[in-house]
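Secondary and tertiary structure notes
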Amino acid sequence: DTGVSQDPRHKITKRGQNVTFRCDPISEHNRLYWYRQTLGQGPEFLTYFQNEAQLEKSRLLSDRFSAERPKGSFSTLEIQRTEQGDSAMYLCASSPSEGLDEKLFFGSGTQLSVL
Amino acid sequence: SQQGEEDPQALSIQEGENATMNCSYKTSINNLQWYRQNSGRGLVHLILIRSNEREKHSGRLRVTLDTSKKSSSLLITASRAADTASYFCATDRGGGYKLSFGAGTTVTVRA
């Protein structure tokens, strides 16, 4: 069990550029989540996958954001035409989908800085 | 929007002392969870308490839940320098897939 892996750890980009982050969940976990965390705040839910199906998207996820989980394994989060307000830590988490009392296993996150 | 609110925002204690932090939330919940986050890292699950439970222990951690007051507390006993971190409560309103986190309590344990 290698844990949840996220890549890259840090990304610096210029406003208007597109960025893509990758998340590899724990292999036997069916559920995968993306959260965003800004400095001094707790994580905010962005979206959730059950296997390859994206079941819910937060209103925080504007049209510039898209997430995929092909084949129900790794996931990617793409931000198009980045804005300075997108600067945040993007956290991926997974869970085994064993029942109602789910605890999440988080990756170390991707820190995005938009200049 | 974030449902939970932690209090205090920051806490500084001496090694060996106990640390207590509180969490209040707004709507009914299925369970409440506490997570720890070291600086610049992801969150680590500490403990989960269901809505029909009042108290739970795990090692040096003690969590209470009062659903009538919509509040929870996390007690860390005999604190260590390694307990220095931010602590977040997260509520699960059902469905088990969308946790709402508070803004966290930053705990500093001085050696």
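Structure's up top.
Residues numbered from 1 in each chain as written. Chains lettered and ligands numbered in written order. Predicted model: local features only at pLDDT ≥ 70, side-chain atom pairs only at ≥ 80, totals over all residues. Heavy atoms only, no water.

Considerations on the environment of Ser 58 of chain B
To keep things clear, this is the line we draw: Under the scheme used here, helices are H or I runs from DSSP no shorter than 4 residues and strands are E runs no shorter than 2 residues, and both carry numbers assigned from the N terminus.
Looking at where Ser 58 of chain B falls in the secondary structure, it is placed in strand β6 (residues 55–58). Between the C-alpha atom of Ser 58 of chain B and that of Cys 23 of chain B, which follows or precedes it by 35 residues, the distance is 18 Å.

So, the interface of chain B and chain A
Going by this rule: Any two residues whose heavy atoms approach within 4.5 Å at even a single point are treated as in contact. Joining two parts hides part of their accessible area as seen by a 1.4 Å probe, and the buried area is that hidden amount summed over both. Salt bridge, as applied in this entry: a Lys or Arg side-chain nitrogen positioned within 4 Å of an Asp or Glu carboxyl oxygen.
At the junction of the two partners, chain B supplies 23 residues and chain A supplies 23 residues. Taken together, both faces of the contact between chain B and chain A bury some 1,900 Å²; the carbon and sulfur share is 47%. Between chain B and chain A we count 1 salt bridge in total. Mapped by element, the contributors of at least two residues to the side of chain B that touches chain A are β4 (31–37), β5 (43–50), β9 (85–92) and β10 (99–101) of chain B.

Thoughts on the pairing of strand β8 (residues 71–76) of chain B
Residues and elements named next belong to chain B. What counts, and what does not: When accessible area is computed with a 1.4 Å probe and restricted to protein chains, residues below 20% of their type maximum are described as buried, those above 50% as exposed, and intermediate ones as partly exposed. Two strands qualify as a pair provided DSSP detects at least 2 bridges between them.
A large share of β8 lies buried, amounting to 5 of its 6 residues. Where strand β3 (residues 19–24) and β8 come together, 6 bridges link them in antiparallel fashion. Bridged to Asn 22 within β8 is Ser 73. Inspection of the sheet shows strand β7 (residues 61–66) paired to β8 by 6 bridges, in the antiparallel sense. Following the sheet pairing, Arg 62 is matched in β8 by Leu 75. Adjacent in sequence and paired antiparallel, β7 and β8 are bridged by 4 residues, among which Lys 70 carries a positive phi angle near 50°.

Some remarks on the packing of aromatic side chains
Our working definition: Here a Phe, Tyr or Trp ring, Trp counted by its six-membered ring, pairs with any other such ring whose centre lies within 6.5 Å, and the pair is stacked when the planes are under 30 degrees apart, edge-to-face when over 60, and tilted otherwise. In this analysis the charged atom, NZ for Lys or CZ for Arg, is taken to sit over a ring once it is within 6 Å of the ring centre and within 35 degrees of the ring normal.
For the structure on display, the rule yields 9 aromatic pairs over all chains. With a centroid separation of 5.8 Å and an interplanar angle of 80°, the aromatic rings of Tyr 35 of chain A and Phe 45 of chain A are classed as edge-to-face. Of this pair, Tyr 35 of chain A sits in strand β4 (residues 31–37) while Phe 45 of chain A sits in strand β5 (residues 44–50), and the two are 10 residues apart along the sequence. Exposure remark for Phe 45 of chain A: the relative accessible area of 9% places this residue in the buried category. An aromatic cluster of at least three residues, connected via ring pairs, comprises Tyr 35, Phe 45 and Phe 106 of chain A together with Tyr 35 and Phe 101 of chain B. Seen from the ring of Phe 74 of chain A, Arg 22 of chain A lies directly overhead, with NZ or CZ sitting 3.9 Å from the centre.

Everything listed here is a matter of coordinates, which is why it stays silent on function.
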